[in-house]
Amino acid sequence: MKNGLRIQEILIMLYRILLAYVFYQVARFLFWQFNKDLIKIDSLSDYIKLAYHGTAFDTTAILYVNALFILLSLLPLVINTKKGYQAILFWIYFITNGLAYAMNFGDFIYYKFSQARLTCAAFQVAKNETNVFKTFMISVSQHPFVLIWYIVLMAAWVFLYKRLTVKEQKPGRLVAYFASSVVVLCITVVLVVGGIRGDFKHSTRPINMVDANRFVTNPLQGNLVLNSTFSFFRTLNTNNFKLVHFTDEKFIEDNVQPYKVYDRTTQNRPNIVTFIVESFGREYSGAFNKEKNIKGYVSYTPFIDSLAGQSLIFPNTFANGRQSIHGMSSVLAGIPSLTDAFTCSPFANQKIQSIVSVCNDLGYDTSFYHGAPNGSMGFLGFGNILGFKHYFGKNEYNNDADFDGMWAIWDEPFLQYFAKNVGKKQPFMSTVFTASSHHPFKIPEKYKGKFKKGPLEMHEPIQYTDYAIKKYFETAKKEPWFNNTIFVFTGDHTNQIGYGEYEKAMNRFAVPLIFYSPNPEYNLKGVNQEIAQQADIYPTLADLIGYNKPIRSWGRSLVSDKKYPSIVVNSDGSTEQFIIGNYMYRFDGKEIIGIYDKTDLGFEKNLKGTINSPEIEHGKKTAMAWYQDYMDRVINRKLN
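Reading the values: rules and limits
Residues numbered from 1 in each chain as written. Predicted model: local features only at pLDDT ≥ 70, side-chain atom pairs only at ≥ 80, totals over all residues. Heavy atoms only, no water. Helix = DSSP H or I, 4+ residues; strand = E, 2+ residues; numbered from the N terminus. Rg over C-alpha atoms; globule rule 2.2 N^0.38 Å. Lys, Arg positive; Asp, Glu negative; His and termini not counted. Charge placed at Lys NZ, Arg CZ, Asp CG, Glu CD. Phe/Tyr/Trp six-rings, centres within 6.5 Å; stacked < 30°, edge-to-face > 60°. Buried < 20%, exposed > 50% of the residue type's maximum accessible area, 1.4 Å probe, protein only. Lys NZ or Arg CZ within 6 Å of the ring centre and 35° of its normal. Pairing = 2+ DSSP bridges. Axes fitted to C-alpha atoms, helices over the stretch in contact; angles between N-to-C directions. Parallel < 35°, antiparallel > 145°, perpendicular 65-115°, else oblique. Left-handed = near helix turned anticlockwise from the far one by under 90°. Nonpolar A, V, L, I, M, F, W, Y, C, P; charged D, E, K, R; others polar. Contact = heavy atoms within 4.5 Å. Polar contact = N/O pair within 3.5 Å; in protein donor to acceptor, adjacent residues only side chain to side chain. Patch = residues over 30% accessible without salt bridge, like charges linked within 9 Å, V, L, I, M, F, W, Y side chains within 5 Å. Areas by Shrake-Rupley, 256 points an atom, 1.4 Å probe, with all protein chains shown as cover. Salt bridge = Lys/Arg side-chain N within 4 Å of Asp/Glu carboxyl O. Core = buried A, V, L, I, M, F, W, Y, C linked by side-chain atoms within 4.5 Å.

Participant: Just give me the short version of the overall build of the chain, but keep the residues and values in it.
Facilitator: In terms of helices and strands, the chain carries 19 helices and 17 strands. Taken over C-alpha atoms, the radius of gyration comes to 27 Å for the chain, in line with the 26 Å a tight globule of 640 residues would show. Looking at charge distribution, the chain has the averaged site of its 67 positive side-chain charges lying 7 Å from that of its 53 negative ones.

Now the structure itself:
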């Protein structure tokens, strides 16, 4: 440094940043290894291509995390090469990188449940829970290899970091020292800003999660291009709720038809009981897989299967969200969650028309049951927004002897409480959200050995929940309200996957849908192969109870002769997905980026640019019109 130039410091800083790239690629490879059954890659060359494109996303993440380290490494403080200062840099580097790197390892496990990379939405959910640390410790105990890999790699990272050290030097020419440092800092700022943005073009937006899909043949591979640090930071303080304009209101009124009117006449209004079953993927239930031709298929819901034989069922139903709170808004209010969850947005706190408000208008007694600590999952707050008159949780149950020690009261005793507690005033509308079919996949000790083990951890607890529902019906049948009640069953979202059919991208949203009533008046029998969604439940129930006023809903009644358009919507966390007519459309908020035949549930053959037809052009315009209407109603508070 006699000439004032800090070449040694700059080269060693670059070496340290390069190490981050190396270890992010190692984490990417391990992420794929742990989830290769969910993210199909045909060859090593395809993996290398995806990993190469992932470097752009790694750059953004690494520069976010290391901005302070880079600044302190280059600031001309004269003391930069001293051991004490280098020790400070060491701790800053490994504290920030260690925490950020850990996100990727957490995703090894989390991805199996979320089917998407970690975003800040996970923390929105976690803030309502009191058992986050306990959940973390159980996850670590169940998957110790993840923690072991993290510790081994961090140790290797520290070792390699220390292989090159900055030798203490005293600047000789201070003017040259400061001048060259300022020049290097200015160049570095430009490079860092460009690296965080993804390029240096002022005309382009910063790189985001959607951009990962530019490099893949299958949308699920986008999760391999990404890294968890990037997806978390890119979703912090973001707001994807923005007004857009693609078409006129007349097209929306004619083709989206956000308001529906049904004219059913009902003499004696039925009670409504809606079961939102935790993690109830369609693949677990045999009644919904009879025509799927899945080799070696095994059902894990014997009671639900028997009930389905006496019900109206929809074997091609899809969830409108990826998490429990998304299921609540979709089922009860017909509001899907797109890239950003509606229920975690600043727009959730508004007057919302829903099956709850409709039933309140008709004089129903409305209630919500969830055996977790009151407020868990945000259900209590959102339930108040929807207008439930009563909320019954763990507090009201008031018997911790039946607590599972992690999430909630076990399903069997809580459903017994539910069966005996409702119906004091009729007609009533009540929703129960079960809890036991969930990580860490436990069942009560007294039932150990009762249910058959399957290849998935999920198979035992879903059988327990199925058994709890059976016991519920044995009790409910004795109640005076039973015979005039409509029961609905669906899942909030999917969970672990055991069959290739359900590894397909759209089938990650595959949930069951059952309408059952012992009252033959409602004619809820048979198997309907039409494509349905959670958002159809609210208008279907409003129709069945004889609500004849306009319904604000993007869903439709599944039992009406009025054939409103079917527009099925959900999001993989970065891209919105629509099923309209004979095709599926993927939309990034600005344009349609993928068109697939509706039977191509794995999104294997993108038809965009290969075929054009009036149906496809209309479908594209309808999808964008739906998105426009959704944003308008959410942002301008027109959900009533």
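Here the narrative resumes, following the displayed structure.
Participant: Report on the packing of aromatic side chains, specifying residues and quantitative values.
Facilitator: The tally for this structure, following the rule as stated, stands at 70 aromatic pairs. Where Phe-314 meets Phe-515, the ring centres are 6.2 Å apart and the plane angle is 85 degrees; that geometry is what we call edge-to-face. Of this pair, Phe-314 sits in the loop between β3 (312-313) and β4 (317-318) while Phe-515 sits in strand β10 (residues 513-516), and the two are 201 residues apart along the sequence. An identical accessibility class is assigned to Phe-314 and Phe-515; each is buried. Stacked on the ring of Trp-32, the Lys or Arg Lys-36 has its end atom at 5.0 Å from the ring centre. Over the ring of Phe-31 we find Arg-117, and its NZ or CZ is 3.7 Å from the ring centre.

Participant: I'd love a proper account of the sheet that holds strand β9 (residues 510-511), names of residues and values included.
Facilitator: Strand order in this open sheet of 3 strands is β9-β4-β12, and the pairing throughout is mixed. Whereas interior strands pair on both sides, the edge strands pair on one side only; in this sheet they are β9 and β12 (532-533). In the sheet, β4 pairs with β9 via 2 bridges, with the strands oriented antiparallel. Opposite Thr-317, over in β9, you have Val-511 as the bridge partner.

Participant: Account for the sheet that holds strand β14 (residues 567-571), naming residues and giving values.
Facilitator: Read across the open sheet, the 4 strands follow the order β14-β15-β16-β17; overall the sheet is antiparallel. Strands with a single pairing partner mark the edges of an open sheet, and in this sheet they are β14 and β17 (592-597). Within the sheet, the average angular offset between the axes of one strand and its neighbour, ignoring direction, is 20 degrees. Sheet topology places β14 next to strand β15 (residues 576-580); 5 bridges connect them, and they run antiparallel.

Participant: Outline the packing of helix α1 (residues 7-34) against helix α2 (residues 44-74), listing residues and values.
Facilitator: Between α1 and α2, the least distance of the axes is 8 Å, while the angle of their chain directions is 140 degrees. The angle between the axes of α1 and α2 places the two elements in the oblique class. For the crossing formed where α1 meets α2, the hand is right-handed. Each residue belonging to the contact of α1 with α2 can be placed in one class, and the counts come to 15 nonpolar, 6 polar and 4 charged.

Participant: Outline the side chain of Ser-279, supporting the account with residue identities and numerical values.
Facilitator: With respect to the helices, strands and loops of the structure, Ser-279 is situated in the loop between β2 (271-277) and α11 (302-308). Leaving out residues up to four positions away in the same chain, Ser-279 has contacts with Tyr-284, Ser-437, Met-458, Asp-492, His-493, Thr-494 and Asn-495.

Participant: Lay out the pairing of strand β7 (residues 428-433) with the relevant residues and their values.
Facilitator: Counting buried residues along β7, 6 of its 6 residues qualify, which places the element largely inside the surrounding structure. Taking every second residue as pointing to the same face, both faces of β7 are buried, with Phe-428, Ser-430 and Val-432 on one and Met-429, Thr-431 and Phe-433 on the other. Relative to β7, β2 runs parallel, the two being bridged by 5 bridges. Within the sheet, the bridge partner assigned to Ile-276 lies in β7 and is Phe-433. Inspection of the sheet shows strand β5 (residues 365-370) paired to β7 by 6 bridges, in the parallel sense. From the neighbouring strand, His-370 faces β7, where its bridge partner is Phe-433.

Participant: Residue-level account of the environment of Asp-411, with values.
Facilitator: Assignment of secondary structure puts Asp-411 in helix α16 (residues 411-421). Taking the relative accessible area as the measure of exposure, Asp-411 reaches 2% and is therefore buried. Taking the C-alpha atoms as reference, Asp-411 lies 6.2 Å from Thr-434; in sequence the two are 23 residues apart. A polar contact is formed between the side chain of Asp-411 and the backbone nitrogen of Ala-435, at a distance of 3.0 Å.

Participant: Account for unusual backbone geometry, naming residues and giving values.
Facilitator: For the bond from Gln-426 to Pro-427, the omega torsion is -5 degrees, close enough to zero to count as cis. Secondary-structure assignment places Pro-427 in the loop between α16 and β7. Between His-439 and Pro-440 the backbone carries a cis peptide bond, its omega angle lying at 15 degrees. Note that Pro-440 resides in the loop between β7 and α17 (459-476). With a phi close to 70 degrees, Val-78 is a non-glycine residue in the positive phi region. If you trace the backbone, Val-78 turns up in the loop between α2 and α3 (83-114). Despite not being glycine, Gln-257 shows a phi value in the positive range, around 50 degrees. The topology assignment puts Gln-257 in the loop between α10 (249-255) and β1 (259-260). Gln-257 gets classed as partly exposed once you look at its relative accessible area, which sits at 22%.

Participant: How would you summarise a nonpolar patch on the surface if you had to cite specific residues and measurements?
Facilitator: Where nonpolar side chains cluster on the molecular surface, the patch consists of Leu-77, Val-78, Ile-79, Leu-174 and Phe-178 and spans about 380 Å² of accessible area. Tracing the sequence through the fold places Leu-174 in helix α7 (residues 174-197). Residue Leu-174 is classed as partly exposed on the basis of its relative accessible area of 44%.

Participant: Give me the pattern of salt bridges: which residues, what numbers.
Facilitator: For the structure on display, the rule yields 17 salt bridges. Residue Lys-471 is joined to Glu-474 by a salt bridge in which the shortest nitrogen-to-oxygen separation is 3.2 Å. Of this pair, Lys-471 and Glu-474 both sit in helix α17, separated by 3 residues, roughly a single helical turn. Its salt-bridge partner being Arg-556, residue Glu-530 comes within 3.0 Å of it at the nearest N-O pair. Of this pair, Glu-530 sits in the loop between β11 (526-527) and β12 while Arg-556 sits in the loop between β13 (551-552) and β14, and the two are 26 residues apart along the sequence. Judged by relative accessible area, Glu-530 falls into the partly exposed class, the value being 31%.

Participant: Which residues make up the nonpolar core, and what values do they have?
Facilitator: Membership of the largest hydrophobic core comes to 100 residues, with the highest contact counts inside it found for Tyr-101, Phe-275, Tyr-472 and Phe-473. Considering each element in turn, this core owes the most residues, 13 residues, to α3. Once you skip the residues sitting within four places of it in the chain, Tyr-472 turns out to touch Val-273, Phe-275, Leu-415, Gln-416, Phe-418, Ala-419, Trp-481 and Phe-487. Residues Ile-335, Phe-515, Ile-592 and Leu-639 belong to the second largest nonpolar core, which totals 79 residues.

Participant: Talk me through the pairing of strand β16 (residues 583-587); I want residue IDs and the actual numbers.
Facilitator: For β16, the buried fraction is high: 5 of the 5 residues fall into the buried class. Every second residue of β16 is oriented toward a common face, with Tyr-583, Tyr-585 and Phe-587 on one face and Met-584 and Arg-586 on the other, all of them buried. Alignment of β15 against β16, held across 5 bridges, turns out to be antiparallel. Its bridge partner being in β16, Phe-578 is matched across the sheet by Tyr-585. The hairpin formed by β15 and β16 contains 2 residues between the paired strands, and Gly-581 there has a positive phi angle of roughly 65 degrees. One ladder, built from 5 bridges, connects β16 with β17; its direction is antiparallel. Looking across to β17, one finds that Arg-586 is bridged to Gly-594. Counted along the chain from β16 to the antiparallel partner β17, the turn is 4 residues long, and its residue Gly-589 has a positive phi close to 100 degrees.

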